[in-house]
Amino acid sequence: MGAITGLGGSAIATPILVNYLGVPLRIAIGSGIVVTIANSSTSGASYLARGIANMKIGYSLAMATMLGSMVGVLINTLLPVRILFIVFGLVLLAAPLPGILRRGSSEFVREPGEPDRISTALGLEGSYYDESRRSVVSYRASNFLITFVSMIGAGVIAGLLGIGAGAFKVLSMDYVMGLPFKVSTATSSFVIGLTATSGGSQYLVLGLVDPFLVALLSPGVFLGSYISSRILNRMKTIHLRIIFAVVVWILALSMILRGV
Amino acid sequence: MPSEVEKSVASILRLSVFVALALVAAGIASSLILHGGQDMVSDISAARGSSVGDLISYLLRGEAKGFFGLVVVVLMAGVVLSVINTAAASLARGDRALAGVSIALLLILAMSIAVGLSSHKG
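Residues numbered from 1 in each chain as written. Chains lettered and ligands numbered in written order. Predicted model: local features only at pLDDT ≥ 70, side-chain atom pairs only at ≥ 80, totals over all residues. Heavy atoms only, no water.

Before we go on, may I ask you to explain the overall build of chain A in this structure?
For chain A, the count of helices and strands is 12 helices and 2 strands. Mapped from its N terminus to its C terminus, chain A presents α and β elements in the order α-α-α-α-α-α-α-β-β-α-α-α-α-α. Looking at chain A as a whole, 64% of its 260 residues are labelled buried. Pairs at least 24 residues apart make up 83% of the contacts formed inside chain A by residues separated by at least 6 positions. (Helix = DSSP H or I, 4+ residues; strand = E, 2+ residues; numbered from the N terminus. Buried < 20%, exposed > 50% of the residue type's maximum accessible area, 1.4 Å probe, protein only. Contact = heavy atoms within 4.5 Å.)

Below is the structure:
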């Protein structure tokens, strides 16, 4: 589910660990972000190998998400747990809204936008074969600076809550940078691993990662992300959004209720 | 089509996940053989984090948590190695932009660990 939605597995796993298994929130967050690496390494690798994820774009934006993540972890250690629950729930509640409210067809491919100077210098462009459309889709990145700044925000959320925050990364890449949704989702899955490694290393040295939880969750996450990354390119985009909304809102409400 | 660098990064990431899964299996096997599985029976609601020092001592005692700790390290190392691989391959190909970005990523990763360590001490 994490790979299909681009959220990262821990956005799904952390509320389940906390609400149904009684794991302390900060430990679930610290362990969840490490599990996210397994999710990203599986699905991100698959997307890269099939040319859907764009490594150059991913690396360029990961600089922002990793810096943001560092700040997010620091904020996590300062906030009361009750507030963390509410923030977690609110973030999950907001995550699917842009995709649902998006105007026009849910299954369109953007015309390549005007590239900015930084995107041109970094060579941020590419193409992929879209199996559901049965055609090659070309794209170029634009608005690099605005995307970079918004990705810092996504990184703060990722580090703060131990989630991939892929929904926010997809938003930036999709709406601001002008990438096709499938490229955004696939590249986001790849970037999540880099962001999570940055945040996870901080949580590890802070003693907030439980290896038992990581080992418990990793095999399931591996299987789930392997299967889902195989079906992404064949799914209609609207299917992604429906899965996205239902799962995330249920989990969001459960987290908010724990905090109030 | 994916570039050679992208393919090699994908291979490194895949390998790290496979090694991590093998370590999970090894941890379970070690626990069953050496401790009768007792070190895996725990109250999950009492889960607590482990420092790097804890992980080493678990591993030396052959406890499952030690192997599971290595899972954490291997997953992170896979990502770090993939970035190092990209930096090296980009430098070799003369792609200075990608090499620069990759090196910047490695510096940020190092900074994350340093910030975590300083917060821990604080």
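I tried to follow the overall build of chain B on my own but got confused; where do I start?
Secondary structure summary: chain B contains 4 helices and 0 strands in total. Helices (α) and strands (β) of chain B occur, in sequence order from the N terminus, as α-α-α-α. A total of 122 residues make up chain B; the buried ones form 45% of that total. The long-range fraction of contacts in chain B, counting pairs at least 24 apart against all pairs at least 6 apart in sequence, stands at 62%. Counting only carbon and sulfur atoms, one obtains 71% of the accessible surface of chain B, whose full area is about 6000 Å². (Areas by Shrake-Rupley, 256 points an atom, 1.4 Å probe, with all protein chains shown as cover.)

Would you take a moment to explain unusual backbone geometry for this structure?
Negative phi characterises most residues that are not glycine, and trans characterises most peptide bonds. At N143(A), a position not held by glycine, the phi torsion is positive, near 55°. You can see N143(A) is positioned in the loop between β2 (135-140) and α8 (144-161).

How do you make sense of the interface of chain A and chain B when you look at a structure like this?
In many analyses, interface size is given as the accessible surface area lost on bringing the parts together. Each side of the interface is counted separately: chain A has 56 residues, and chain B has 53 residues. For the chain A and chain B pair, buried surface summed over both sides reaches about 4600 Å², with 79% attributable to carbon and sulfur atoms. When residues of chain A are sorted by the area they lose upon contact with chain B, Y59(A), V205(A) and F212(A) head the list and together hold 15% of the total. Along the contact surface separating chain A from chain B lie 2 salt bridges. Two residues, D95(B) and K56(A), come together in a salt bridge whose shortest N-O distance is 3.2 Å. (Buried area = accessible area lost by both parts, 1.4 Å probe. Salt bridge = Lys/Arg side-chain N within 4 Å of Asp/Glu carboxyl O.)

Sorry, what's going on with the confidence of the model for chain B here?
Detailed conclusions should not be drawn from predicted coordinates in areas where pLDDT is low. Residue and element names in this part refer to chain B. On average, residues of chain B carry a pLDDT of 84, and 86% of them reach 70 or more. Helix α2 (residues 52-60) is the least confidently modelled element of chain B, averaging 77 in pLDDT, while helix α3 (residues 64-93) averages 92, the highest of any element. Scored as a whole, the predicted complex attains pTM 0.86, and scored at its interfaces, ipTM 0.86. (pLDDT = per-residue confidence, 0-100.)

In this structure, what is going on with the environment of G36(B)? I would like to understand it.
Inspection of the secondary structure puts G36(B) in the loop between α1 (4-35) and α2. Measuring from C-alpha to C-alpha, the distance between G36(B) and G53(B) comes to 24 Å, with 17 residues separating the pair along the chain.

Help me out: how do you make sense of the pairing of β2(A) in this one?
The side chains of a regular strand alternate, first on one face of the sheet and then on the other. All names here are of chain A. Pairing analysis gives 6 bridges linking strand β1 (residues 125-130) to β2, with the strands arranged antiparallel. Directly across from D130, in β2, lies its bridge partner S135. Between β1 and β2, which pair antiparallel one after the other, the connecting turn spans 4 residues, and R134 there sits at a positive phi close to 55°. (Pairing = 2+ DSSP bridges.)

Would you mind going over the pattern of salt bridges with me for this structure?
A pair can form between side chains of opposite charge whenever their charged atoms are brought close. Tallying each qualifying case throughout the model produces 6 salt bridges over all chains. A salt bridge links D130(A) to K182(A), with the shortest nitrogen-to-oxygen separation between them at 3.4 Å. Residue D130(A) is found in strand β1, and its partner K182(A) is found in helix α10 (residues 181-205); the two are separated by 52 residues along the sequence. Residue K7(B) is joined to E4(B) by a salt bridge in which the shortest nitrogen-to-oxygen separation is 3.6 Å. Taken together, the residues span about one helical turn, with K7(B) and E4(B) both in helix α1 at a distance of 3 residues.

Would you mind showing me how to read the packing of aromatic side chains here?
Aromatic ring pairs are defined here through the distance separating the ring centres and the angle between the ring planes. Applying the stated criterion across every chain yields a total of 3 aromatic pairs over all chains. Consider the rings of Y59(A) and F190(A), whose centres lie 5.7 Å apart with planes at 20°: the pair is stacked. Placement of Y59(A) in helix α4 (residues 55-78) and of F190(A) in helix α10 is noted, with a sequence separation of 131 residues between them. Classification of Y59(A) as buried rests on a relative accessible area of 0%. On the numbers, 6.2 Å between centres and 55° between planes, the contact of F212(A) with F68(B) is tilted. Of this pair, F212(A) sits in helix α11 (residues 211-231) while F68(B) sits in helix α3, each in a different chain. (Phe/Tyr/Trp six-rings, centres within 6.5 Å; stacked < 30°, edge-to-face > 60°.)

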